[in-house]
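# Structure at a glance
Residue-level listing of the chains:
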Amino acid sequence: GPSVVRVDTETHLREQSDSPQPPGYIQQGQGSGLIFSDKGFVLTNAHVVEDATKVTVTLTDGRVYSCQVMGSDEIVDIAVLKI
C-alpha cells in the first residue's frame, strides 16, 4: 500500500551575479512524498524537486533510492518521481 518517504535533493548552483554563494555550491533540500504505485512512483511537491540535479528517496526502513522527476506542475505544486 501507500508509504510515506523522505525526499532529498541536491541542486548545483551555477555562477550567478546576484547569488551570495560561490560557484559550484551545492544546495540541499528535503521534503516528503508518498509512494502511490507498486511500480515505484512517488508523489511530492514540485517546489521540493524544482531545479534539482539529484533526487533520492528514503523509505521508513532506511533504504535509499535514486529517482527521476517524471513530471511536475508548478501551478498546483505537484511532482511525480520514479524510483
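I will try to describe carefully the structure that is included in this document.

Procedures and definitions
Residues numbered from 1 in each chain as written. Predicted model: local features only at pLDDT ≥ 70, side-chain atom pairs only at ≥ 80, totals over all residues. Heavy atoms only, no water. Pairing = 2+ DSSP bridges. Helix = DSSP H or I, 4+ residues; strand = E, 2+ residues; numbered from the N terminus. Axes fitted to C-alpha atoms, helices over the stretch in contact; angles between N-to-C directions. Buried < 20%, exposed > 50% of the residue type's maximum accessible area, 1.4 Å probe, protein only. Polar contact = N/O pair within 3.5 Å; in protein donor to acceptor, adjacent residues only side chain to side chain. Contact = heavy atoms within 4.5 Å.

## Some details on the sheet that holds strand 3 (residues 41–44)
- Pairing within the open sheet is antiparallel, and its seven strands lie in the order 5-4-1-2-3-7-6. Two strands lie at the open edges of the sheet, namely strand 5 (64–66) and strand 6 (68–73), each paired on one side alone. Looking at each pair of strands side by side, their axes are set apart by 30 degrees on average, direction ignored.
- As defined by bridge partners, strand 4 (residues 54–58) adjoins strand 5 across three bridges and the pair is classed as antiparallel. Paired with Thr58 across the strands is Val64, a residue of strand 5.

## So, the side chain of Asp8
- One can find Asp8 in strand 1 (residues 3–12).
- Classification of Asp8 as buried rests on a relative accessible area of 17%.
- At a separation of 2.9 Å, a polar atom in the side chain of Asp8 contacts the side chain of Arg6.
- A distance of 2.9 Å separates polar atoms of two side chains, one belonging to Asp8 and the other to Gln30.
- Setting aside anything within four residues of it in sequence, one finds Asp8 in contact with Gly29, Gln30, Lys54, Val55, Thr56 and Thr58.

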